[in-house]
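Read off the chains here:
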Number of protein chains: 2
Amino acid sequence: MLSALDLARRIAAGTLTPAGAIDLCAAAIDAHEAEIGAFAALDLDRAKRLAGGDALASAPLHGLAVGLKDIFETADFPTEFGSVIYTGNRPRSDCVLASLVRRAGGIVLGKTVTTEFASLQPAKTRNPRNPAHTPGGSSSGSAAAIAAGMLPIALGSQTGGSVVRPAAYCGIAGYKPSYKLLPTLGMKGFSWYLDTAGVFAAGVADAAFAAAAITGRDLRVDQGKPASPRIALARTHIWGDASDDMKAAVELAGEKARGAGARVSELVLPPIFEDAFRAHAIIQDYEAYRALGFEFDFHRDKIGPILREQLDQAASISADDYDAARRTTKRARQALAELMADTDALLTPSAPGAAPAGLASTGASIFNRLWTLLGTPCVNVPGLSDKAGLPLGVQIVGRFGRDRVALEAAHFLERALAD
Amino acid sequence: MLSALDLARRIAAGTLTPAGAIDLCAAAIDAHEAEIGAFAALDLDRAKRLAGGDALASAPLHGLAVGLKDIFETADFPTEFGSVIYTGNRPRSDCVLASLVRRAGGIVLGKTVTTEFASLQPAKTRNPRNPAHTPGGSSSGSAAAIAAGMLPIALGSQTGGSVVRPAAYCGIAGYKPSYKLLPTLGMKGFSWYLDTAGVFAAGVADAAFAAAAITGRDLRVDQGKPASPRIALARTHIWGDASDDMKAAVELAGEKARGAGARVSELVLPPIFEDAFRAHAIIQDYEAYRALGFEFDFHRDKIGPILREQLDQAASISADDYDAARRTTKRARQALAELMADTDALLTPSAPGAAPAGLASTGASIFNRLWTLLGTPCVNVPGLSDKAGLPLGVQIVGRFGRDRVALEAAHFLERALAD
């Protein structure tokens, strides 16, 4: 994989040129893209041309290639949202995140494959760890491109589990920030209360570095040894749905963290969080039926069966049910803030297990949707594997707005797992 | 003016056909549009064709013409955001609100003029009450089209004061709902923390009827006599910036409300609200510099001088300043919820006075931006005038999420003013 921090350091030191960094991506794309299918659009010539300029030579991402999930609108690339309804669509402008990447010196190398409208309807991308398995979704291409070493930085989005889950399945770092930390204007929406943009990179410190550069915020965790965090192992009410390997991975992560100096406790979540877990689907589907109103009403026959059935059923969700789900969410957010008053991060599975075999499903978001709903920062920490050698991701969940602390805890755990 | 409720009742009773309702709009457009300039795009043929169908004959807005501010993306009309950068822009799909209007039976008759990207940079529209005066902004065309009787319903948006102020200047009802009650996906954004879609109509009950139909929520206030509200007159710290006529209008509104049976008290807002007032510009401008990043970086010369200077200055706002403004906002929201525990609505000016003369400015949003920041429902109540006969709007501000109560209080006041 290409570490964004490593590339940035080499570019800053003059031992690698921006064009040389693009060449590293090009070589990996040449070797892997035909099999993996991570890109919906790609423009290496444009990237090399931009890498040759020096307008932003002092910017933090100077020369670094970035992939944008193909739900982010871009003026220089087609933007098709993973849907045949939008074949050849070319927006007039860039989404806000594309502007922020550019202002930070980053170079958008291509658009990465998204499932249809970032839904559960799978796309073509394969998992670089084992191409017979799904890379997860909906940010399938962003995760796979990082895992295959084709990009140092990729952006995606999470409405259920679309950042943390594919990162886990592909064995990379995935960071879903606090709700709205990364602007979503110019991104095709699915659920405005849940849609959250996120970052993929080789390691946690790389993802934090990219997020810091894009937001101009103090999020980096590579500039010193991470502090020992106060971690609470949260099995949640769906612990029984985790595979034995995943359960063992989470327990092992807790032991490794304790061994490295973390304070590790256990947290049993009260019943309000089961209510909130159920509230997620109500809010998501109520909004999706509206967010995709144009497509559902005028191009129903061009929507895939999984998404079409989801929207069919969503039509009957009432405003009262939606409002009740929103109120439940508010209560759960308050409850979590109180529960985590003396805790830096929760430790919990990133997914039920390793990436499922086949491409017919992108896997389940059951270990992600509660945290998306609550708006907390979540980080997939890579480093563990199952018996077949497929990655098993464990998840660090921080407090809302405390993204720096969550990233540092995740980096701490990542280092502990590597020891 | 065309009352949406009156048209809907006549259509339901069979005394007016949907095509006949469109004809009423067409006649007013024929008489006034050349002078007023409320429309950025208009398609009467399409509207008549849709009015002739009966697919949605039982939908609440069946046959009613709706204008959409030209920052809302539409597949059947150009969408130019009030900017020459987007001349001829034709989105591939409809924004969510356009879908909701259509599902409710409404017929989009045209796109209404917006100031440049819904900023303070004025557009061509004139005030139907006196064409030598501004209609206010940024939803200039939506307010003017209602006031000139060219539409029964129009949608706009408010980031500072762009719904309540033009409604006040044009002497119509303007309803800015609680933040996010109306979805903004597919709307060109200026500030994602503040942008709020809103409704214009002849009277408060018409606006509530339209909002109820679009959202499928219990927001109508026309089905019974409004309850007597508990109102608090809130002069706010900028009371001195209101004209003498406006001060007298607000005092008179309080007296009329009391006379009609309302409990009217006074509320002095504590200093946190002055901090919040100042926080508005920080949040708005920090986000606008990013929301318009593509346009500012690539088409700077095509941005008007008022907006360009605003963005130039916004570039230096730090993330720390922004975060501090967000924290101030959170505290002010909590403070307002406590202050209004026994109050249904605040009564305060909708604008410093009547519409200023000339088209060089759309007026000041100083009496609106605090409430936009706090996310509360706000309603301009028409009915009063200054000595020159120009409308003076007074504003009802409700509690977050209690839109029905705010609309009912506004309707109560509207009736009291008419007595």
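Residues numbered from 1 in each chain as written. Chains lettered and ligands numbered in written order. Predicted model: local features only at pLDDT ≥ 70, side-chain atom pairs only at ≥ 80, totals over all residues.

**As for the overall build of chain A**
Then, in step 1: Summing up its helical and strand segments, chain A has 14 helices and 11 strands in all.
Then, in step 2: In terms of overall dimensions, chain A is globule-like: its C-alpha atoms have a radius of gyration of 20 Å, near the 22 Å expected for 419 residues.
Then, in step 3: Principal-axis analysis of the C-alpha atoms gives chain A an extent of 55 × 55 × 40 Å.
Then, in step 4: A total of 419 residues make up chain A; the buried ones form 62% of that total. (Helix = DSSP H or I, 4+ residues; strand = E, 2+ residues; numbered from the N terminus. Rg over C-alpha atoms; globule rule 2.2 N^0.38 Å. Buried ≥ 20, exposed ≤ 12 C-beta atoms within 10 Å, placed from the backbone.)

**Digging into the interface of chain B and chain A**
Then, in step 1: The interface is formed by 24 residues belonging to chain B together with 24 residues belonging to chain A.
Then, in step 2: Contributions of two or more residues to the side of chain B that touches chain A are made by helix H4 (96-103), helix H9 (272-291) and helix H10 (293-298) of chain B.
Then, in step 3: Each residue belonging to the side of chain B that touches chain A can be placed in one class, and the counts come to 10 nonpolar, 7 polar and 7 charged. (Contact = placed C-beta atoms within 7 Å. Nonpolar A, V, L, I, M, F, W, Y, C, P; charged D, E, K, R; others polar.)

**Observations concerning the sheet that holds strand S8 (residues 263-266) of chain A**
Residues and elements named next belong to chain A.
Then, in step 1: One open sheet holds the 11 strands; their spatial order is S1-S3-S2-S4-S6-S5-S10-S11-S9-S7-S8, and the pairing between them is mixed. The open sheet has two free edges, formed respectively by strand S1 (39-42) and S8, since each of these has just one partner strand. Sheet twist, expressed as the mean angle between neighbouring strand axes with direction ignored, is 30°.
Then, in step 2: The pairing of strand S4 (residues 153-158) with strand S6 (residues 196-201) spans 6 bridges and is classified as antiparallel. (Pairing = 2+ DSSP bridges. Axes fitted to C-alpha atoms, helices over the stretch in contact; angles between N-to-C directions.)

**As for the domain arrangement of chain A**
Then, in step 1: Segmentation of chain A into domains returns domain 1 (4-215) and domain 2 (272-326).
Then, in step 2: Residue-level contacts link 15 residues of domain 1 of chain A with 13 residues of domain 2 of chain A. (Domains from an automatic or database assignment.)

**Structural notes on unusual backbone geometry**
Then, in step 1: In this structure, Ser138(A) follows Gly137(A) across a cis peptide bond, with omega equal to 5°.
Then, in step 2: Mapped onto the secondary structure, Ser138(A) falls in the loop between strand S3 (107-112) and helix H5 (140-147).
Then, in step 3: Phi angles above zero are rare outside glycine, and Thr236(A) is one such case at about 65°.
Then, in step 4: Here Thr236(A) shows up in the loop between strand S7 (230-233) and helix H8 (244-259).
Then, in step 5: The buried category is assigned to Thr236(A), around which 21 C-beta atoms lie within 10 Å.
Then, in step 6: Despite not being glycine, Ala118(B) shows a phi value in the positive range, around 60°.
Then, in step 7: In this structure, Ala118(B) sits in the loop between strand S3 (107-112) and helix H5 (140-147).

**Here we look at the packing of H9(B) against helix H12 (residues 319-339) of chain B**
Residues and elements named next belong to chain B.
Then, in step 1: Where H9 contacts H12, the axes come no closer than 8 Å and their chain directions differ by 135°. By the angle between their axes, H9 is oblique relative to H12. Helix-helix and strand crossings are classified by hand; for H9 and H12 the assignment is left-handed. In contact with Ile272, Phe273, Asp275, Ala276, Ala279, Ile282, Ile283 and Tyr286 of H9, H12 contributes Asp321, Tyr322, Ala325, Arg326, Thr328, Thr329, Arg331, Ala332 and Ala335.
Then, in step 2: In the contact of H9 with H12, the residues fall into 11 nonpolar, 2 polar and 4 charged. (Parallel < 35°, antiparallel > 145°, perpendicular 65-115°, else oblique. Left-handed = near helix turned anticlockwise from the far one by under 90°.)

**Notes on the pairing of strand S9 (residues 345-349) of chain A**
Residues and elements named next belong to chain A.
Then, in step 1: The buried fraction of S9 is high, at 5 of 5 residues.
Then, in step 2: Strand direction decides the pairing type here: S7 and S9, joined by 3 bridges, are parallel. Bridge pairing links Ala232 to Leu346 in S9.

**Some thoughts on the sheet that holds strand S2 (residues 65-69) of chain B**
Residues and elements named next belong to chain B.
Then, in step 1: Taking strand neighbours across the sheet as the criterion, the 11 strands line up as S1-S3-S2-S4-S6-S5-S10-S11-S9-S7-S8 in an open arrangement whose pairing is mixed. Whereas interior strands pair on both sides, the edge strands pair on one side only; in this sheet they are strand S1 (39-42) and strand S8 (263-266). Strand-to-strand, the axes of this sheet are offset by a mean angle of 30°, without reference to chain direction.
Then, in step 2: Note that strand S9 (residues 345-349) and strand S11 (residues 391-397) share 4 bridges and pair antiparallel.

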